[in-house]
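Geometric and topological summary
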Amino acid sequence: MPDHHPPRWMPFVVLGIGLLAISFGAIFARFAQGYGLPSLAVAALRLGLAALIVTPLAWWQSRRALRALDRRQLMLAAGAGFFLALHFATWISSLEYTSVASSTALVTTNPVWISLASLALFGEKPSRMTLAGIAVSLSGSLLIFWSDSRGGGGGSDALLGNGLALAGSWCFSAYLLVGRRLRAGMPLPAYIWLAYGAAALFLLLACRAGGVPVAGYAVPAYVAALALALVPQLLGHTAYNWSLRYVSPTFVAVVTLGEPVGSALLAWLFFGESFAPVQAAGFLLLLGGIYLAAVGETRR
């Protein structure tokens, strides 16, 4: 049964809730790493637990859609899961080497890649207001990254972390584009179960191939992994996935640019990672860019 079309404002509210939830992702990942859980295992547990939690709902509400999957949909689900697995593997690993602010600022540069890919593959031209929002938001991201790089603690480790975060941005862009094609033809519980489950399988295979165990760690490490599954993954990413049916992937990608703001504030609160006035200016640009993109999306 198709979803009822929500009020015009609803997708924007849902995206705001999703943004707040996803801002906790870097914090919970850092806690899990601090208790000895390897980054690849953190990613595998995050998605695996999320898939397990959503399984009863997916099969209760969407069993007909799941039983009727055709070959094209299965291939799309595998593709979405593959890129989602790469996204989390690279981004969570980046948190070992660089600051939360730099990592989240770089991983949210996907509006550039989304816009280029949407134009090249689907002929979707963003509105001028959306383009302005992208430009302003990316300027804010660059300010955050530049300020953090000048603050010390750089070197080859920071360069590696920044490269991993950027790779995570490319993979998340691909996930959004593939997921949009799959999401358009099926209920949300079925979609997230397929995407998260496929990503978890890819990550578990990577753990096995790399000799990375997922068992035998301290209980707090698994509590942090469960928090990752419940808050940023199920609440945050599911909000993004739901919104893809009603707004463009470009706008969803621009909203994710607000993640460095929330994550940097939470990192300051939990880990004492301070941020400079230039970073604060970057945060303001990010929020202003999101507002411009929202206005452009509404008019479009």
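Please refer to the structure higher up on the page.
This section reports on the structure supplied with the text. (Residues numbered from 1 in each chain as written. Predicted model: local features only at pLDDT ≥ 70, side-chain atom pairs only at ≥ 80, totals over all residues. Heavy atoms only, no water.)

1. Considerations on the pattern of salt bridges
Quick note on the threshold: In the sections that follow, a salt bridge refers to a side-chain nitrogen of Lys or Arg positioned within 4 Å of a carboxyl oxygen of Asp or Glu. Secondary structure counts use DSSP, requiring at least four H or I residues in a row for a helix and at least two E residues in a row for a strand, with both numbered from the N terminus.
Applying the stated criterion across every chain, the model contains one salt bridge. Of the charged contacts in the structure, one is a salt bridge between Glu 273 and Arg 30, with a shortest N-O distance of 2.8 Å. With Glu 273 in the loop between helix H12 (259-271) and helix H13 (277-299) and Arg 30 in helix H2 (residues 25-34), this residue pair connects regions lying 243 residues apart in the sequence.

2. Some thoughts on the environment of Leu 76
In plain terms, the rule: Contacts are assigned to residue pairs that have any heavy atoms within 4.5 Å of one another.
With respect to the element layout, Leu 76 can be found in helix H4 (residues 71-94). Considering only alpha carbons, one finds Leu 76 and Gln 233, 157 residues apart in sequence, at a separation of 20 Å. Dropping the residues within four chain positions of it, Leu 76 is found in contact with Val 178, Arg 181 and Leu 182.

3. Considering H2
Within an α-helix, residues lying three or four positions from one another point in the same direction, as the helix has 3.6 residues per turn. For clarity, the cut-off: Exposed residues in this analysis have more than 50% of their type's maximum accessible area, buried residues have under 20%, and partly exposed residues fall in between, with area computed by a 1.4 Å probe over protein chains only.
By the criterion of burial, H2 is predominantly enclosed, with eight of the ten residues buried. Regarding H2, the residues found buried are Gly 25, Ala 26, Ile 27, Phe 28, Ala 29, Arg 30, Ala 32 and Gln 33. As for H2, its buried residues are in contact with helix H1 (10-22), helix H3 (39-67), H4, helix H5 (100-107), helix H10 (219-243) and H12. Just beyond H2, the residue with positive phi is Gly 36, at close to 95°.

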